[in-house]
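Each chain, written out:
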Amino acid sequence: MNHKKIYPSYFTLLPLILYLAFFIIPSFMGLALSFTDWNAVNDEIHFIGIDHFIDIFTNKRYILVIVNTLIFAVFTTVFKNVIGFGMALALNKGFKTRNFLRTVFFFPVMLSPLIIGLVFKSIYNPEYGVINDFLSLIGLGGFTHDWLGDTKTALGAVIAVEIWRLVGQNMVIYIAGLQAISDDYLEAADIDGASGWQKLRYVILPQMLPSITINLILNLIAGLKVFDLVFVLTNGGPARKTEVLNTVIYKEYGSGRYGFSTALGLIMFVFTCIVAFSVLKAMTKEEE
Amino acid sequence: MTKKHKIMKTVKAAVLWLFSVLVFIPLIIILLNSFKTQGESVSMRLSLPTEWVFSNYSQVMEQVDIFGAFMNSLVVSVSTVIIATVGGALCSYVLSRRKTRLHRGLYLFFLVGLVAPLNMVPAILVLQKFGLMDTRIGLILLYSALVTPFTIFLYYGFIGTVPREIDEAAIIDGCGCNSLFWRVVFPLLKPVTVTVVILNFMNAWNDFITPFYVMNTSTKMPMTTMVYSFFGQFQRSWNLVCVIMVMIITPIIIVYAFGQKYIIAGMTAGAVKG
Amino acid sequence: MKRNMTVKVLSGTMCMAMAAVTLAGTGIGGMKAEASSGEKVTLNFAASQNWILDVDRELAKEFEEKTGIAVNFQLSPDDQYQTIIKSKLNTGEGPDIFMSYSGTKLKDFNPEKNMVDLSDEAWVADQEQWAIDSSSYNGKLYAQNIAGVDDTNGVLYKPAVFEELGIKVPANYAEFKEACDKLLEAGITPVYEFVKDLWHTHYWMEGASALALANNPELYNQLNSNEIGFADVPEYVQALEQLKEMEAAGYFGENHMSNIYDNSYEALDSGKYGMIIIHGSYPNEMKNNIPELNPDDYSMFPSPLVDNEYVTLTAGGTTKCINAGSEHIEEAKQYFDFLAEKANVEKLYEEKPLYMMSAVKGITAAPTKAFTDLMEIAGDKNAPGAEASVYFYDGGKISELCQEMFVGSLTPQEVLEEFDNSRRALAKDAGLEGF
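Here the structure is a predicted model, which is why all the values come from computation and not from measurement. (Residues numbered from 1 in each chain as written. Chains lettered and ligands numbered in written order. Predicted model: local features only at pLDDT ≥ 70, side-chain atom pairs only at ≥ 80, totals over all residues.)

Caption draft 1: View of unusual backbone geometry. Backbone torsion omega between Gly237 of chain A and Pro238 of chain A reads -15°, so that peptide bond is classified as cis. Secondary-structure assignment places Pro238 of chain A in the loop between helix H11 (228–233) and helix H12 (245–254). At Val306 of chain C, a residue that is not glycine, the phi angle is positive and equals roughly 55°. At Asp307 of chain C, a residue that is not glycine, the phi angle is positive and equals roughly 55°. Within the secondary structure layout, Asp307 of chain C lies in the loop between strand E9 (299–301) and strand E10 (311–313). (Helix = DSSP H or I, 4+ residues; strand = E, 2+ residues; numbered from the N terminus.)

What follows is the structure, encoded as structure tokens:
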């Protein structure tokens, strides 16, 4: 059969052109300027080589931001996957209200990070927030805390909101994966007298590897690129404890240092590519 | 069923329902505070209003052109959904079916968009070149471009699960390439299409940063930007902000309610090797 | 390489992309925004969300009725305004009129390129000298400051509470600490500080600035030519040390890291907190939020850090400029003329109770009692603050660094060094001499 005829190349044109014109060109144009002193105040642009990158990698304040970003990405990824997987197992079958609950758990994915951020800011409030109100109510008043204001808990508090927001997406991908597992395997395992744990370990998990791969990669990318939520919740504070790459990029961009900000953007881009690619490589190996 | 099983099941149910309460709490906070007085809403507590101020809603409608903003959001979101979904489906279909090196490369090229950062200044320059600054079309095309990578990612995976034999049979029956896709293949993609529609709609609907850069005319601004109408650095009316939030969330709930049962089937795409 | 060159190269790439679009038959290249069709002119006026109030809109309406020229306010969130306007000006998409902080802050928007020179406008003759100075850059007037002073800071307190507890109004840092201790004893948290909203904590530095300037009249020039940095100025170092000491002594209470401005009115009105360093119009704002409150119950004294007795005038109020790239410069000038009319200025001062001192000769603003008290205490000891006098002074940056100081990851000296670093990077990019 003639592939060129039944799958014509012009089908790809519309998204390709939009993607090139409105995403790739602006994105790479920006990245290319990371080797210049391009800024908002001065009309002249000078090529300055890798000066920005030297500045970034020799300054421990920026290294700290990279570390924060990694912590955020790793912790959100692990928890979203573990909790999401657990929820998927629980809601896969044999549960009357499962459809309703699935719908509920996926819902936060639909909400604007702007709204989520604003509401959780008040939920975390030390004086009026729901969390501290609740703790006092059940007699754990001693545990009330300035969740977003304390440097020890701030990053954790932000991570918790991100997990709340996106755990449903992981759950749904895992449910989809679970449903692709044929009942024959599970029945065979039952006949062999496998325990619940053994079934999970030797039958379910190996078949779930593609779903796990996808979830790991999507979560890591989302984690490394996080912006909206941190921007609204803490804007990097207190004392830079929740500062991540994208908030710094935004701040530098805001101060008018466009070249410097895109240098940070380039680092994030390369970094994310490396992480996503290595995970993909490692997981495909595992799958084989 | 054994007794142990039953207990386990009840515990499981209890835990899950408890979790679902966690999902509802923020929504309830927003709803309750939208009926409070300005003074009472400052603390954004989870408590019933001491006095139900239903007039908050009419006050918002008087102060800002919420209907206009709603229409802007709707036009932009729906158009984005149509362009990105139709384009993404067609494109992924060809990329997935024709496994040449070029097509594989093109697919990977699209995936770069999952990672690459967008820079607003060059983006504005591009829109300018096309004469699209301060137009809804510009915003629509920008959003369409931004959601394209994930759209193609989802479609590509899903189309891989649709057997090629279907195409071949249709061709033998005398279908052209267009009718093959639209009449035979596209209906089979329903679950992933619904997923893509929902995700793209929500992305365009929820964005609260891009419009400030791309739009100049206040009457063309979307709903999310209205949140800012009621709080500035010096004064915030949380009750009115909550009213706006309710208005932003409601359409999302409606879209979601219609499409939710397909979400899981659609996400299957992600679980298939890309 | 010149900017124009880059833009050309960029345009070249884009033209190719555009050609591709046209080839594909989508043909969006021809579509245009409803551009100026020649009949009705609309001025786009960009401002941060809370800078425009009802009275501004009313005046714009009246202007439209009178001249047929409409004004469209483009408001953006406070935390994004500067970023958005810079991006737009940089791409030639700037609004016709935009607002900026005054003084050296004008430099953030590249006045020589982006702002119309207003030195020869008729209304300039009626302006107070300080209003002209604060809107000028390199000897040219680039902005209209009708609004007047809206941000002279002092420490706000309730005289009745002080009297009851036998506290006398502090005139230096030691007395201030005494006052704080007495408040603490009475179960009142001495100071409402909200570190999270970055615009606030650096207010404590303004008094130190004025004092440092009095001790060294060349201070701002030296900072602007990079002869010295803030870390070299003892007054600043000491001010930060004292600020840290206050925090460590518990004067800010437990929640200062997540306190927000919104809750300050209630915090002070309820008597939970004793003082706040804030702008002079604050009592009016309190009344807006708590209607039964009497603004005259409050008074103010100068920031006591480093035993300062000065107040800073014209620190960083907002002012408005005309975009040099605008197609409607003449119409925008007409709008400025209109706003400068006596009746309109009076209307503005009457309905926007933010302005404590009039920028226009022959018109008096309506200051709060707190502001009047503050001015009386300071007498002739007033000076311009660093914020409006030192290039790329970013108060938000200091506030952000202060967070790190409070949690102990930076010393006061390091805060100022880091502040200098970020300032120098910006100044260097901007091509300022000496950096």
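Resuming the write-up.
Caption draft 2: How the structure looks around the UniProt feature "transmembrane region" (unreviewed entry) in chain A. Residue and element names in this part refer to chain A. UniProt annotation of "transmembrane region" (unreviewed entry) refers to residues 12–33, 62–91, 103–124, 216–237 and 258–280 when read in the numbering used here. Split by type, residues 216–237 is 68% helix and 0% strand. Its first and last C-alpha atoms lie 27 Å apart. Between the first and last C-alpha atoms of residues 258–280 the distance is 32 Å; the span itself is 100% helix and 0% strand. (UniProt positions renumbered as here; feature names shortened; annotations may be inferred.)

Caption draft 3: Highlighting the UniProt feature "transmembrane region" (unreviewed entry) in chain B. Residue and element names in this part refer to chain B. Taking the numbering used here, the UniProt-annotated feature "transmembrane region" (unreviewed entry) corresponds to residues 66–95, 107–127, 139–159, 180–202 and 238–258. Across residues 66–95 one finds 100% helix and 0% strand; the C-alpha atoms that close the span lie 42 Å apart. Helix and strand shares over residues 238–258 are 100% and 0% respectively, and the end C-alpha atoms of the span are 30 Å apart.

Caption draft 4: Region of the structure containing the interface of chain B and chain A. Contacts between chain B and chain A engage 67 residues on the former and 61 residues on the latter. Among the elements that line the side of chain B that touches chain A, the one with the most residues is helix H12 (residues 238–271) of chain B, at twelve residues. Looking at the side of chain B that touches chain A residue by residue, the classes come out as 47 nonpolar, 13 polar and seven charged. (Contact = placed C-beta atoms within 7 Å. Nonpolar A, V, L, I, M, F, W, Y, C, P; charged D, E, K, R; others polar.)

Caption draft 5: Fine view of helix H3 (residues 81–90) of chain C. Counted residue by residue, H3 of chain C has ten buried out of ten residues, so it is predominantly covered. Positive phi shows up at Gly92 of chain C, right after H3 of chain C, with a value of about 75°. (Buried ≥ 20, exposed ≤ 12 C-beta atoms within 10 Å, placed from the backbone.)

Caption draft 6: Structural context of the sheet that holds E9 of chain C. Residue and element names in this part refer to chain C. Strand order in the open sheet formed by four strands is E7-E8-E6-E9, and the pairing between neighbours is mixed. In this open sheet, the two edge strands, each paired with only one partner strand, are strand E7 (189–191) and E9. Going across the sheet, the axis of each strand differs from the next one's by a mean of 30°, ignoring polarity. Where strand E6 (residues 153–157) meets strand E8 (residues 273–279), four bridges bridge the pair, whose relative direction is antiparallel. Note on E8: the bridge partner recorded for Val155 is Ile277. (Pairing = 2+ DSSP bridges. Axes fitted to C-alpha atoms, helices over the stretch in contact; angles between N-to-C directions.)

Caption draft 7: Looking closely at the environment of Leu374 of chain C. Residue and element names in this part refer to chain C. Along the polypeptide, Leu374 turns up in helix H15 (residues 369–378). Residue class for Leu374 comes out buried when judged on the 24 C-beta atoms lying within 10 Å of it. Here the alpha-carbon distance between Leu374 and Lys107, two residues 267 residues apart in the chain, equals 30 Å. Excluding its chain neighbours within four sequence positions, the residues that come into contact with Leu374 are Gly154, Gly280, Met300, Phe301, Pro302 and Val311.

Caption draft 8: Spatial organisation of the pairing of E6 of chain C. All names here are of chain C. Of all five residues that make up E6, five are buried, and the element is covered over most of its length. Here three bridges tie E6 to E9, and the two strands are oriented antiparallel to one another. Along E9, the bridge assignment pairs Val155 with Phe301.

Caption draft 9: Layout of the environment of Met202 of chain B. Structurally, Met202 of chain B is set in helix H10 (residues 190–206). Looking at Met202 of chain B, the number of C-beta atoms within 10 Å reads 21, which means it is buried. Separated by 125 residues in the primary sequence, Met202 of chain B and Ser77 of chain B have C-alpha atoms spaced 7.8 Å apart. Excluding its chain neighbours within four sequence positions, the residues that come into contact with Met202 of chain B are Met110 of chain A together with Ile252 of chain B.

Caption draft 10: How the structure looks around the pairing of strand E3 (residues 97–101) of chain C. Residues and elements named next belong to chain C. Extensive coverage of E3 is indicated by the burial of five of its five residues. Burial along E3 is two-sided: Ile97, Met99 and Tyr101 facing one way and Phe98 and Ser100 facing the other are all buried. Looking at chain direction, strand E1 (residues 42–48) and E3 are connected through two bridges and run parallel. Bridge pairing in E3 links Ala46 to Phe98. The sheet contact formed by E3 and strand E11 (residues 318–322) spans five bridges and is antiparallel. Across the sheet, the residue bridging to Ile97 is Ile322, located in E11.

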